[in-house]
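# Residue-level structure breakdown
Here are the chains, one letter per residue:
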Amino acid sequence: MKTSPESGQRGTPDFLLLILTLLLVGFGLIMVFSASSSMAVSKPAYNNDALYFVKRQLMWVGLGGFIMLVMMNIHFQKYKKLFVLFFIGTLVLLILVPIIGETRNGATSWIGVGTFGVQPTEFAKLAIILYLAAIIAKKDEKFRDFKKGLLPVMLVVGFFAFVIMLQPDFGSCVILVLCASAIVIAGGSNLKHIMLSFGVLLGLAALGTSLYFLINPDADFGFRGDRFTAFIDPLSDPDGSGYHMLRSLEAFGHGGLMGTGLGNSVQKLFYLPYAYNDFIFAVIGEELGFVGTTIFILFYIVFLWRALIVSLRCPDIYGTLVGIGLVSLIAIQALINMGGVSGAIPITGVTLPFISYGGSSMLTLLIGMGVLLSISREYNRVGKATPTTNSRRHQA
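Because the structure is a prediction, the values reported are computed rather than measured.

## Some points on empty space enclosed by the protein
Counted under the stated rule, the structure contains four cavities of 30 Å³ or more. Approximately 60 Å³ is the volume attributed to the largest cavity. Forming the boundary of the largest cavity are Asp 278, Phe 279, Ile 336, Asn 337, Gly 340, Val 341, Ile 347, Thr 348, Gly 349 and Val 350. Tallied by class, the residues present in the lining of the largest cavity amount to five nonpolar, four polar and one charged. A volume near 50 Å³ is recorded for the second largest cavity. Considering the residues around the second largest cavity, the lining is formed by Glu 122, Lys 125, Leu 329, Gln 333, Pro 353, Ser 361, Thr 364 and Leu 365. Secondary-structure elements contributing two or more residues to the lining of the second largest cavity are α4 (120–139), α11 (317–342) and α12 (359–385). The biggest single contributor to the lining of the second largest cavity is α12, with three residues. Among the residues making up the lining of the second largest cavity, the classes are represented as three nonpolar, three polar and two charged.

## A look at the packing of helix α6 (residues 170–186) against α11
Where α6 contacts α11, the axes come no closer than 9 Å and their chain directions differ by 145°. Here the hand of the crossing between α6 and α11 comes out right-handed. On α11, the residues touching Val 174, Ile 175, Leu 178, Cys 179, Ala 182, Ile 183 and Ala 186 of α6 are Leu 321, Ile 324, Gly 325, Ser 328, Leu 329, Ile 332, Gln 333 and Ile 336. The class makeup of the residues in the contact of α6 with α11 is twelve nonpolar, three polar and no charged.

## Topic: the confidence of the model for the chain
Across the chain, the average pLDDT comes to 82, with 81% of residues at or above 70. Overall, residues 1–7 carries pLDDT values under 50, and its contacts beyond four positions in sequence, including any with other chains, amount to 15 contacts. Note on residues 385–396: pLDDT is under 50 here. Beyond four places in sequence and across chains, it has twelve contacts.

## Structural notes on the packing of aromatic side chains
Counted according to the given criterion, the structure contains 19 aromatic pairs. With centroids separated by 5.1 Å and ring planes inclined at 90°, the aromatic side chains of Phe 53 and Tyr 357 adopt a geometry described as edge-to-face. On the criterion of sequence distance, the pair formed by Phe 53 in helix α2 (residues 52–71) and Tyr 357 in the loop between α11 and α12 is long-range, its members being 304 residues apart. Note on Tyr 357: relative accessible area 14%, which makes it buried.

Conventions adopted
- Residues numbered from 1 in each chain as written.
- Predicted model: local features only at pLDDT ≥ 70, side-chain atom pairs only at ≥ 80, totals over all residues.
- Heavy atoms only, no water.
- 1 Å grid on protein atoms, 1.4 Å probe; cavity = no way out; pocket = protein on both sides within 12 Å on 5 of 7 lines; lining within 4 Å.
- Points joined across faces, edges and corners; volume = space filled by probe spheres on them.
- Nonpolar A, V, L, I, M, F, W, Y, C, P; charged D, E, K, R; others polar.
- Helix = DSSP H or I, 4+ residues; strand = E, 2+ residues; numbered from the N terminus.
- Axes fitted to C-alpha atoms, helices over the stretch in contact; angles between N-to-C directions.
- Left-handed = near helix turned anticlockwise from the far one by under 90°.
- Contact = heavy atoms within 4.5 Å.
- pLDDT = per-residue confidence, 0-100.
- Phe/Tyr/Trp six-rings, centres within 6.5 Å; stacked < 30°, edge-to-face > 60°.
- Buried < 20%, exposed > 50% of the residue type's maximum accessible area, 1.4 Å probe, protein only.

Spelled out as structure tokens, the structure:
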């Protein structure tokens with residue numbers, strides 16, 4: 001069923017999804033304050049301000065929230081063309097990162113903007129989602145043809161992965177590739193073709209890594225290998241490669257069943273590095289305990305479930321694929337973060353969506369939610385126009 005942006009009055013957004021999003025963002029702000037206030041108030045670099053990180057995060061939340069509200073009032077089909085500007089702008093920024101970017105924690109992933117840092121890799125994840133959804137919807141059945149359908153788009157995804165690995169940012173590269181794969185599979189591509197494309201993506205990512213070390217012969221890749229060593233046996237180097245993992249596990253252990261209480265984490269007091277960012281899930285585990293952490297994960301699952309329902313109910317394949325891409329992005333990144341912090345997989349250094357401190361990530365996620373809420377408005381409009389037909393056709 002094809003719909004037009006001008007055909008009839010638009011429906012209301014999915015308020016349940018909107019409320020769940022706002023609750024996640026609000027909880028994230030609370031945890032950023034809890035995890036960062038003790039450190040920020042004791043360091044002149046942060047103006048001895050306990051609210052230093054919260055204020056900065058709140059600025060990104062305000063900007064992202066405003067853009068989300070604007071985008072949810074624009075018909076989602078218009079993004080089939082508007083994504084091109086965002087896509088090109090993101091690609092330009094990614095190419096500029098290795099040239100003018102700032103190096104932090106072994107990766108040149110940030111472009112400095114005043115006292116802030118913008119991470120184009122976060123924008124790239126959303127750009128790829130919008131790009132793939134638009135191309136698959138446009139090609140329709142032709143997308144099943146490997147040479148004319150899947151291969152060209154995978155080369156584009158592979159180039160993005162190649163540029164990201166020039167930084168190098170392995171965690172974001174994995175998320176990008178897995179997210180793209182989810183969209184391609186949902187778009188009806190042949191599984192055999194997908195496996196061939198994986199070979200192309202891996203080759204380009206490996207080429208990007210090799211080129212990085214050719215350009216930067218003095219670069220140290222050792223800490224990434226240390227992460228695997230720490231994953232296998234963190235006690236082999238408790239003050240070195242295993243330090244992050246051991247402090248994180250101690251946080252979960254100290255939290256026990258009911259937790260130490262909000263704001264009462266011990267590990268955040270200069271023991272656990274990046275407690276407000278990569279390891280904020282460990283602070284949640286310590287302060288809220290097993291019970292609180294379980295409730296948080298269940299809430300996250302409800303949020304993802306609702307977002308997926310909204311995506312599947314969309315009467316347009318483009319909207320469905322965009323929604324599936326966004327759900328995949330959030331779910332995959334959350335699993336990688338939680339898995340790394342809890343010791344289930346090696347640490348990769350990615351943030352927990354909507355919860356961790358990070359402006360670029362928050363801005364990208366809220367923009368994506370604006371698109372998804374716009375998609376939900378189209379479903380509600382269709383449902384009101386022909387309730388009997390569409391309720392049977394798109395029942396989740």
